[in-house]
Amino acid sequence: MGRFAFAIVMAFALALPLGAANAQNDRRLVINLTSADVWTGQMAMSFARRVQEDGGNVVLFLNVHAVAFANQNVPQHVQALTGKTPHERIQEIIDAGGEVYLCPSCTEQAGLKIEDRIDGVKVGGPEFREILMAPDTKIISY
């Protein structure tokens, strides 16, 4: 019986660090991007990728003027340091498991159409608001 009790204690002891690691993965960083300035946008997207490379869970929220980065009809400029357009950077974030949301009212206010967003970009709504309100969500703005 002593070995059985020891095995149970060890199983719980080994499971605790795994649970802590999973709890850390539940944490989410929302990067709120409002500017359509290419430099600012690329900095936000580069930071998102760095957090993902470090194992973080990232959500990019494009609102105000930044909605232009997700529109397939808005010309995209290549950023010198990365050699990539915002469309390419957004796709990298999505491909790495991140989520990208677009503010629908900001899109309309900018004279753009929601249906012209690039593939993989979601429209902000109740799902996005749940992310914002989650207890382990942190927000950084550019």
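Residues numbered from 1 in each chain as written. Predicted model: local features only at pLDDT ≥ 70, side-chain atom pairs only at ≥ 80, totals over all residues. Heavy atoms only, no water.

### With respect to the sheet that holds strand E2 (residues 57-62)
Ordered in space as E4-E3-E2-E1-E5, the five strands form an open sheet in which the pairing is parallel. Taken across any chain shown, the strands that pair with only one partner, and hence form the sheet edges, are strand E4 (121-123) and strand E5 (137-141). In this sheet, neighbouring strand axes are inclined to one another by 25 degrees on average, regardless of whether the strands run parallel or antiparallel. Relative to E2, strand E1 (residues 28-33) runs parallel, the two being bridged by six bridges. Pairing of valine 30 across the sheet is with valine 59, part of E2. Where helix H2 (residues 38-53) meets the sheet, it contacts E1, E2 and E5, and its direction lies at approximately 170 degrees from that of E1. (Pairing = 2+ DSSP bridges. Helix = DSSP H or I, 4+ residues; strand = E, 2+ residues; numbered from the N terminus. Axes fitted to C-alpha atoms, helices over the stretch in contact; angles between N-to-C directions. Contact = heavy atoms within 4.5 Å.)

### Quick word on the nonpolar core
Soluble globular proteins: nonpolar side chains tend toward being buried together. Residues Leu33, Leu60, Leu62, Ile90, Val100 and Val121 are the most contacted members of the largest nonpolar core, which totals 30 residues. A total of five residues in this core trace back to one element, the largest contributor, which is E2. Apart from the residues lying within four places of it in its own chain, the contact partners of leucine 62 are Leu33, Val67, Ala70, Ile90, Val100, Tyr101, Leu102 and Cys103. (Core = buried A, V, L, I, M, F, W, Y, C linked by side-chain atoms within 4.5 Å. Buried < 20%, exposed > 50% of the residue type's maximum accessible area, 1.4 Å probe, protein only.)

### Things to note about the side chain of glutamate 99
With respect to the secondary-structure elements, glutamate 99 resides in strand E3 (residues 99-102). The class for glutamate 99 is buried, based on a relative accessible area of 19%.

### Topic: the packing of aromatic side chains
Aromatic rings considered in pairs are described by the distance between their centres and by the relative angle of their planes. Throughout the structure, instances matching the rule amount to two aromatic pairs. Arranged with centres 4.3 Å apart and planes meeting at 25 degrees, the rings of phenylalanine 61 and phenylalanine 128 form a pair that is stacked. Residue phenylalanine 61 is located in strand E2, and its partner phenylalanine 128 is located in helix H5 (residues 126-133); the two are separated by 67 residues in the primary sequence. Pair check on accessibility: phenylalanine 61 and phenylalanine 128 agree, each one buried. Centre to centre, the rings of tyrosine 101 and phenylalanine 128 are 5.1 Å apart; their planes meet at 40 degrees, and the pair counts as tilted. Here tyrosine 101 is found in strand E3, whereas its partner phenylalanine 128 is found in helix H5, with 27 residues between them in sequence. Taken together, the aromatic side chains of Phe61, Tyr101 and Phe128 make up a single cluster linked through ring pairs. (Phe/Tyr/Trp six-rings, centres within 6.5 Å; stacked < 30°, edge-to-face > 60°.)

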